[in-house]
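Summary of the model geometry
Residues per chain, in single letters:
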Amino acid sequence: SNFVATIDGAAHGSDGVSGSLGGAADKQVFDVLRSLADVVLVGAGTARDEGYGPADVPIAVVSRRLDVPDALLVPGTLVVTTADAPADLLDELRRTVDVIALGEDAIDWPGVLDQLAARGLTRVLCEGGPSLHGELVGHDLVDEICLTVAPVLASGSAPRIAHATDAVDRPMTLGHAIAADDVLLTRWVRARA
């Protein structure tokens, strides 16, 4: 996962997006992580809010309602949804993009990761949003997270980087922390047995 948050834990700034928080150092980390990824996993709302479009790495947009931003309705995009998503919309999407539809009422994340791996996409980079990240954390599917701490106090009602109904406890180990001007770049790793 790759996220930026303010000192007080907000997942976005007062402008409603996260892209404006991290500055040049965060952008460098963003670019390096994308260059190492086989696929970028992002929620439809985040993709819309942050202005996602086609990229050098495939984008997998997560949407239960199948409200994929128009800029991503291009060949090479993947859409991840549930098997019980509206059949007519699924058929329409499949004319343009690759669709992975697994799980009833909730996405079957282990199944989705298996389907991505079957396509040769094993290095999955989650870029948000907080609800998607919360689901992955809840299923214990986050192996590492690169978190940039922006030198900002935001207050307000912005969510934190992982949001879910149920709380979990997923211990992480600090891989590194680098200060770049006033920005703190961190990498955290999940210890696996």
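Remember, it's a predicted structure, so these values are computed and weren't measured experimentally. (Residues numbered from 1 in each chain as written. Predicted model: local features only at pLDDT ≥ 70, side-chain atom pairs only at ≥ 80, totals over all residues. Heavy atoms only, no water.)

1. Considerations on the sheet that holds strand β6 (residues 124–126)
Reading across from one edge, β5-β4-β3-β2-β6 is the order of the five strands in this open sheet, with parallel pairing throughout. The open sheet has two edge strands with one neighbour each: β5 (98–101) and β6. If you compare each strand with its neighbour and ignore which way they point, the axes differ by 25 degrees on average. As paired elements, strand β2 (residues 39–43) and β6 share three bridges and run parallel to each other. Residue pairing in the sheet places Leu41 in a bridge with Cys126 of β6. (Pairing = 2+ DSSP bridges. Helix = DSSP H or I, 4+ residues; strand = E, 2+ residues; numbered from the N terminus. Axes fitted to C-alpha atoms, helices over the stretch in contact; angles between N-to-C directions.)

2. Here's the deal with the pattern of salt bridges
Applying the stated rule across the entire model yields 13 salt bridges. Between Asp67 and Arg48 there is a salt bridge; the shortest N-O distance is 3.7 Å. With Asp67 in the loop between β3 (59–62) and β4 (78–81) and Arg48 in helix α2 (residues 44–49), this pair connects stretches of sequence that are 19 residues apart. According to the relative accessible area criterion, Asp67 is partly exposed, its value standing at 25%. One continuous salt-bridge network, built from bridges that share partners, spans Asp140, Asp143, Arg170, Arg190 and Arg192. (Salt bridge = Lys/Arg side-chain N within 4 Å of Asp/Glu carboxyl O. Buried < 20%, exposed > 50% of the residue type's maximum accessible area, 1.4 Å probe, protein only.)

3. Looking at the sheet that holds strand β1 (residues 2–6)
With mixed pairing, four strands are arranged side by side in an open sheet as β1-β7-β9-β8. Here the strands that pair on one side only, and so sit at the sheet edges, are β1 and β8 (172–180). Taking each pair of neighbouring strands and ignoring which way they run, the sheet shows an average axis angle of 20 degrees. Pairing between strand β7 (residues 144–150) and strand β9 (residues 183–190): six bridges, direction antiparallel. Each residue of the ladder has a partner; that of Cys146, found in β9, is Arg187. Relative to the sheet, helix α1 (residues 23–36) contacts β1, β7, β8 and β9, its axis offset from that of β1 by approximately 165 degrees. (Contact = heavy atoms within 4.5 Å.)

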